[in-house]
Amino acid sequence: MRVPQPTARSARKAASAATRNLPSLAAGEVDVPFVIKGYEEVVARDTRWNEHSHPWHELLWNEHGASTAVVGSDVWCITPTLGLWMPAGQLHSASAVAGTSFRAHFFRYGTTSALPGTPVSVEITPLLRLLLERLGEPGLTDSSRAVTEAMVLDVVRPSPRALLVHLPTSELLRPIVEAVRADPGDQRTLTGWAAALGRSPRTVTRAFQAETGTSFARWVAAVRAQHAVRLLAQGFEVDVVADVVGYRSASAFGAAFRRTTGMTPGMFRAR
């Protein structure tokens, strides 16, 4: 099985995709009266956000579905269990498919936390989720809000796990990047690609290591994991997803997925 061919319905859906344009603001450029403020929305159409930046920090995560944020040549996948910390002033773009229920919590610039000044994956633990949801309760007193915000800042931490792909940008590797991202089930090996590009396997290996910090095989596994998460979040069965992203069995896919993400495919599958 491979990615299904476009249907008339999917063509209409693509045609109705929405683009939202937001401004690029420097960190702290706009003063705000909140410490932490939440926002949530279910997008009715496939939606893209232009490259922009906020004057406050932002914690992105989803109640349901998977979305994508792009920072330079880094592509992050955001899910209900893995969020993304976006520092104030950091340029980024984003996209989400129709039906995605996304959440964003804005943190006032200057707020002290254990999170760095660069984008980083954040595990959305049950405790963190409960605390963030409490901040949205109507009638929360000022003192209760202050205590809850302090607890959020205490428990939010960078995660060693990440659904992150570094995209090579050189002319040499561009054909590989375009082909694998278009079809993560592409079975061509590094040796096969080297022959197709008229280069030695050593040259391609060195280029991947220099541009991504990892090997060709691990990079392909990361691209497949991101694509798999998006399909799992839409409710596709694990064996179907395994076939689409190029694995011969669900067990082989599960093992590779755990090596790449530290989690099982079932953790991302919509129920």
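What counts and how
- Residues numbered from 1 in each chain as written.
- Predicted model: local features only at pLDDT ≥ 70, side-chain atom pairs only at ≥ 80, totals over all residues.
- Heavy atoms only, no water.
- Core = buried A, V, L, I, M, F, W, Y, C linked by side-chain atoms within 4.5 Å.
- Buried < 20%, exposed > 50% of the residue type's maximum accessible area, 1.4 Å probe, protein only.
- Helix = DSSP H or I, 4+ residues; strand = E, 2+ residues; numbered from the N terminus.
- Contact = heavy atoms within 4.5 Å.
- Pairing = 2+ DSSP bridges.
- Axes fitted to C-alpha atoms, helices over the stretch in contact; angles between N-to-C directions.
- pLDDT = per-residue confidence, 0-100.

*Asks:* Any details on the nonpolar core? Residues and values, ideally.
*Replies:* The nonpolar side chains of soluble globular proteins are, as a tendency, buried together. Leu163, Val229, Tyr247, Phe253, Phe257 and Phe268 are the most contacted members of the largest nonpolar core, which has 21 residues in total. Considering every element that reaches this core, the biggest residue donor is helix α7 (residues 216-233), with seven residues. Phe268 has contacts with Thr79, Thr81, Leu163, Val229, Leu232, Ala233, Phe257 and Met263, leaving out every residue within four places of it along the chain. Judged by nonpolar contacts, the second largest core, of 20 residues, contains Val165, Leu172, Val177 and Trp219.

*Asks:* Describe in detail the pairing of strand β6 (residues 74-78), supporting the description with residues and values.
*Replies:* Among the five residues of β6, five are classified as buried, and the element is accordingly described as predominantly covered. Burial along β6 is two-sided: Asp74, Trp76 and Ile78 facing one way and Val75 and Cys77 facing the other are all buried. Where strand β5 (residues 67-71) meets β6, five bridges bridge the pair, whose relative direction is antiparallel. In the sheet register, Ala69 faces β6, and the bridge partner there is Trp76. Counting the residues between successive antiparallel strands, the hairpin from β5 to β6 contains two residues, one of them, Gly72, with a positive phi of roughly 65 degrees. As paired elements, β6 and strand β11 (residues 164-166) share three bridges and run antiparallel to each other. Paired with Asp74 across the two strands is His166, which belongs to β11.

*Asks:* Explain the environment of Arg134 to me, and be specific about the residues and the numbers.
*Replies:* Of note, Arg134 is situated in helix α2 (residues 126-134). Classification of Arg134 as partly exposed rests on a relative accessible area of 32%. Note: C-alpha distance between Arg134 and Glu51 (83 residues apart in sequence) is 31 Å. Here Arg134 is in contact with Leu140, Ser144 and Thr148, once residues within four sequence places are set aside.

*Asks:* Outline the pairing of strand β7 (residues 82-86), listing residues and values.
*Replies:* A large share of β7 lies buried, amounting to five of its five residues. With burial as the criterion, each face of β7 is covered, one bearing Leu82, Leu84 and Met86 and the other bearing Gly83 and Trp85. The pairing of β7 with strand β10 (residues 120-123) spans four bridges and is antiparallel. If you follow Leu82 over to β10, its bridge partner there is Glu123.

*Asks:* Tell me what's going on with the sheet that holds β5, and back it up with residues and numbers.
*Replies:* Across the sheet, which stays open at both edges, the six strands sit in the order β1-β3-β8-β5-β6-β11 with mixed pairing between neighbours. One side of each edge strand has no neighbouring strand; the edge strands of this open sheet are β1 (18-20) and β11. On average, adjacent strands in this sheet sit at an angle of 15 degrees to one another, irrespective of strand direction.

*Asks:* Tell me about the environment of Val120, and name the residues and values.
*Replies:* Of note, Val120 is situated in strand β10. If we ignore the near neighbours within four places in the chain, the residues touching Val120 are Trp76, Gly83, Leu84, Trp85, Leu115 and Pro158.

*Asks:* If you had to explain the sheet that holds strand β4 (residues 57-64) to someone new, which residues and values would you point to?
*Replies:* The strand order across the open sheet built from five strands is β2-β9-β4-β7-β10, with neighbouring strands paired in antiparallel fashion. A strand with exactly one partner marks an edge of an open sheet, and here the two such strands are β2 (36-42) and β10. Taken over all neighbouring pairs, the strand axes of this sheet differ in orientation by 25 degrees on average, direction set aside. Here β4 pairs with strand β9 (residues 101-107) via seven bridges, running antiparallel. Its bridge partner being in β9, Glu58 is matched across the sheet by Phe106. Along the sheet, α2 makes contact with β4, β9 and β10, crossing β4 at roughly 105 degrees.

*Asks:* Outline the confidence of the model for the chain, supporting the account with residue identities and numerical values.
*Replies:* For any part of a model where pLDDT is low, the fine detail of the predicted coordinates should not be relied upon. Chain-level statistics for the chain give a pLDDT mean of 91 and a share of 94% at 70 or above. Here helix α1 (residues 8-15) stands out as the least confident element of the chain, with mean pLDDT 43; strand β3 (residues 47-52) is the most confident, with 97. Here residues 1-15 scores under 50 on pLDDT; set against residues more than four positions off or in separate chains, the count is twelve contacts.

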